[in-house]
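Here is how the chains run, residue by residue.
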Amino acid sequence: MSKTIVTGNVVQTERVIEQGIVVTEGQYILFAGKKEEYIPTGDETQLDFSGHWIIPGMIDLHVHGSAGHDVMDGTPDALREISKSLCQYGVTGFLATTMTAPWEHIVRALHAITVATEERNDYAQILGVHLEGPWINPKHKGAQKEEDIQQPGREQLESLLSVAQDRLRMVTLAPEMPGVLEAIRELVRHGVICSIGHSDATWEEVRQAVGAGATHFTHLFNAMRGLHHREPGVVGSALQLRQCSCDIIADFVHVHPAAVELVYHSKGREKLLLISDGMRAVGMGDGTFELGGQTVHVHGCIARLAGGTLAGSTLTLDRAVKNMVEGVGVAVQDAVYMASTAPAEKLGIADRKGSLEAGKDADLAVLSSDFRTLLTMVKGKIAYREDEVHG
Ligand SMILES: [Zn+2]
């Protein structure tokens, strides 16, 4: 089986090995560590990225689209293009994220995800579905379309579980809305991560949701009841509940760097995950786009509805890591942990993905010293290489 030696600063969970190597064999990592501890067989392909970071491939739990395509386009082709595009940003796995929409549109998207998941894919792997809405609170709809917000019913839940099956990994919902607590219990029984978001839940309502099995909070601070010292709300609960994790859009537009730092101090790298919430405008420059049936204007990387509401983002995970390191002062291995390891742990796949260790899937990325993605490998194959694109 073909072997590749990638040389660079190897970012592991507890340390960075300067001028180390990662050796891949077929689709797995054969070795990760100090050069002198590996005995070459002589038939390896060499990729020299000395001075740059070799990191475990990043995993985005919340991404709607990229490069002009959206999961809600409801076609396998859109998913293929998204998979391919995300490799440019060091992402090797993601949850295809749907939006609040008429139920039949959501079902169409789920079918497309099924088709795309089952076919051969050498790019970022579709690790499952994240259903964002439609069971949310109109008060915190953000860029989700209000008229499509729904209440979960038994029939809808059954149809969802039968169409998505075990691909359904995460649902963002508002537990204070009618029927949602029951839905949480049912989803958790099927192994689905229930994440509180687009929600006006009080501290007490969050406690009930957590009692029912919710364990996560979606894009902390955005589209949720904030923290008040007499009513800690969703934000206060997320910070207080040590067992729960949350994710954040660390673009410094959705959240101030100081607020990101505050959450980091409170949750630590294990319970704070980096997401992009990227939409089809990612990588497309300024312009007018569509998101969940609404028109979005992108200007200077910021995506807004006509009324000014932030509408998804054009953030990429390599930039989120850069922001955590350069803007918040987090160590590189901790920032990478939040983009790669913690999401793998949340999905229950950390035995295979999310860290550079022998035996794990050869999903990795090389980031330049200023955190631009130079190379992405998915299961041992090069899925993106910067110099090939820019000549
Ligand atoms: Zn979203």
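Residues numbered from 1 in each chain as written. Predicted model: local features only at pLDDT ≥ 70, side-chain atom pairs only at ≥ 80, totals over all residues. Heavy atoms only, no water.

Asks: How should I be thinking about the overall build of the chain in this particular structure?
Replies: If you tally the helices and strands in the chain, you get 10 helices and 20 strands. For 391 residues, the compact-globule estimate of 2.2 N^0.38 gives 21 Å, and the chain sits close to it at 20 Å. In terms of overall dimensions, the chain has C-alpha extents of about 65 × 45 × 40 Å along its principal axes. In the chain, of all internal contacts separated by at least 6 residues, the share reaching a separation of at least 24 is 68%. Here the chain displays about 15,000 Å² of accessible surface, and carbon together with sulfur accounts for 49% of that area. When the 35 basic and 50 acidic side-chain charges of the chain are each reduced to a single mean position, those positions are 3 Å apart. (Helix = DSSP H or I, 4+ residues; strand = E, 2+ residues; numbered from the N terminus. Rg over C-alpha atoms; globule rule 2.2 N^0.38 Å. Contact = heavy atoms within 4.5 Å. Areas by Shrake-Rupley, 256 points an atom, 1.4 Å probe, with all protein chains shown as cover. Lys, Arg positive; Asp, Glu negative; His and termini not counted. Charge placed at Lys NZ, Arg CZ, Asp CG, Glu CD.)

Asks: I keep staring at unusual backbone geometry and nothing clicks. Help me out?
Replies: Across residues other than glycine, the phi torsion is negative in most instances, and most of the peptide bonds are trans. Following Gly 133, the chain continues to Pro 134 via a peptide bond in cis, the omega torsion being 15°. Mapped onto the fold, Pro 134 is located in the loop between strand 9 (125–132) and helix 3 (154–164). At Gln 165, a position not held by glycine, the phi torsion is positive, near 50°. For Gln 165, the position within the fold is in the loop between helix 3 and strand 10 (168–173). Judged by its relative accessible area of 48%, Gln 165 falls in the partly exposed class. The backbone phi angle of Phe 221 is positive, close to 85°, even though this residue is not glycine. (Buried < 20%, exposed > 50% of the residue type's maximum accessible area, 1.4 Å probe, protein only.)

Asks: Quick question: what am I supposed to make of the pairing of strand 2 (residues 16–25) here?
Replies: Two faces belong to every sheet, and in a regular strand the side chains alternate between them. The sheet contact formed by strand 1 (residues 3–11) and strand 2 spans eight bridges and is antiparallel. What sits directly across from Ile 5, in strand 2, is Val 23. Linking two consecutive strands that pair antiparallel, namely strand 1 and strand 2, is a turn of four residues. Here strand 2 pairs with strand 3 (residues 28–34) via six bridges, running antiparallel. The residue bridging Val 22 from the neighbouring strand is Ala 32, located in strand 3. Count of turn residues in the strand 2/strand 3 antiparallel hairpin: two residues, of which Gly 26 carries a positive phi of about 60°. (Pairing = 2+ DSSP bridges.)

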